[in-house]
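So you can see what is in the structure, the chains are spelled out below.
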Amino acid sequence: GENVEQHPSTLSVQEGDSAVIKCTYSDSASNYFPWYKQELGKRPQLIIDIRSNVGEKKDQRIAVTLNKTAKHFSLHITETQPEDSAVYFCAASPSNTGKLIFGQGTTLQVKP
Amino acid sequence: NAGVMQNPRHLVRRRGQEARLRCSPMKGHSHVYWYRQLPEEGLKFMVYLQKENIIDESGMPKERFSAEFPKEGPSILRIQQVVRGDSAAYFCASAQGVSAGNTIYFGEGSWLTVV
């Protein structure tokens, strides 16, 4: 079955710096790759997603890149702010199942 | 359009009791997923259901756990004879379809504490 590895597990940056989180997946049939932000005690919130026919997608300070050949995708957050502090999860969805296989999560701390 | 509704939000059960968690998907969504999140861990897929059918239960523990999504009413995740290790957040998600063009929406979660 699908397996998703996420790195790093923790990331600390200064406010205004960029943050990059990387994920690799094992199932080449996966075709949907969302990223979720989760604050303590809250549900996962979708922040950006990318589908397998696209290599890069950007939404204001957030961007995601996908390399299908290498089976990895990355989240880039620019000009980080303290409110970006949270746990971020990547996920991959095996083709036409709808279910999500999550990475282990990255705890991002943005220091003022 | 209300989002994915889960209840109860918090549930306390003694060891050996039963826990029932309910999930109403977003309007128009017929695909329901349950995920479990142990403390300080990621989300693990448990089960995928459509109306009256279990499509994929590969993530469900073999014993004590069951799920249903009846023709009428919410999806139910049932945990019998709970143990302390069942303490976790249980998230339900729904989608309109399963193709890559369909976004998956999560509910607020049900936090189960077994004492």
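Above: the structure in question.
The present account deals with the structure reproduced in this document. Quick caveat, the model's predicted, so the values are computed rather than measured. (Residues numbered from 1 in each chain as written. Chains lettered and ligands numbered in written order. Predicted model: local features only at pLDDT ≥ 70, side-chain atom pairs only at ≥ 80, totals over all residues. Heavy atoms only, no water.)

Notes on the overall build of chain A
Helices and strands together make up the secondary structure of chain A, namely 0 helices and 11 strands. From first element to last, N terminus to C terminus, chain A shows the α and β order β-β-β-β-β-β-β-β-β-β-β. The C-alpha radius of gyration of chain A comes to 13 Å, within 12% of the 13 Å expected for a compact globule of 112 residues. Summarising its shape, the C-alpha atoms of chain A cover approximately 40 × 30 × 20 Å along the three principal directions. Contacts in chain A between residues far apart in sequence, at least 24 positions, make up 54% of those at least 6 positions apart. Within the structure as shown, chain A displays about 5300 Å² of accessible surface, and the carbon and sulfur contribution to it stands at 47%. (Helix = DSSP H or I, 4+ residues; strand = E, 2+ residues; numbered from the N terminus. Rg over C-alpha atoms; globule rule 2.2 N^0.38 Å. Contact = heavy atoms within 4.5 Å. Areas by Shrake-Rupley, 256 points an atom, 1.4 Å probe, with all protein chains shown as cover.)

A short note on the interface of chain A and chain B
With 20 residues of chain A in contact, the opposing surface of chain B contributes 22 residues. Counting the surface lost from both chain A and chain B, the interface buries some 1700 Å², and carbon and sulfur atoms represent 55% of this. Ranking the residues of chain A by area buried against chain B places Arg43(A), Lys99(A) and Phe102(A) at the top, with a combined share of 31%. Our count for the contact surface shared by chain A and chain B stands at 2 salt bridges. The shortest N-O distance in the salt bridge between Asp56(B) and Lys99(A) comes to 2.8 Å. (Buried area = accessible area lost by both parts, 1.4 Å probe. Salt bridge = Lys/Arg side-chain N within 4 Å of Asp/Glu carboxyl O.)

Things to note about the state of the cysteines
All chains considered together, the criterion is met by 2 disulfides over all chains. Each disulfide pairs two cysteine sulfurs, and for Cys23(A) the partner residue is Cys90(A), the sulfurs being separated by 1.9 Å. On the sign convention where negative is left-handed, the bridge of Cys23(A) and Cys90(A), at about -100 degrees about the S-S bond, is left-handed. One end of the pair, Cys23(A), is in strand S3 (residues 19-25); the other, Cys90(A), is in strand S9 (residues 86-92), with 67 residues separating them in the sequence. Covalently, Cys23(B) is tied to Cys92(B) through a disulfide, its sulfur atoms 1.8 Å apart. Its torsion about the S-S bond being -60 degrees, the disulfide of Cys23(B) and Cys92(B) is classed as left-handed. Residue Cys23(B) is found in strand S3 (residues 19-24), and its partner Cys92(B) is found in strand S9 (residues 88-95); the two are separated by 69 residues along the sequence. (Disulfide = S-S within 2.5 Å.)

Focus: the environment of Pro8(B)
Residues and elements named next belong to chain B. Of note, Pro 8 is situated in the loop between strand S1 (5-7) and strand S2 (10-13). Note: C-alpha distance between Pro 8 and Glu 40 (32 residues apart in sequence) is 21 Å. For Pro 8, the contacting residues outside a window of four places in its chain are Arg 20, Leu 21, Arg 22, Gly 109 and Ser 110.

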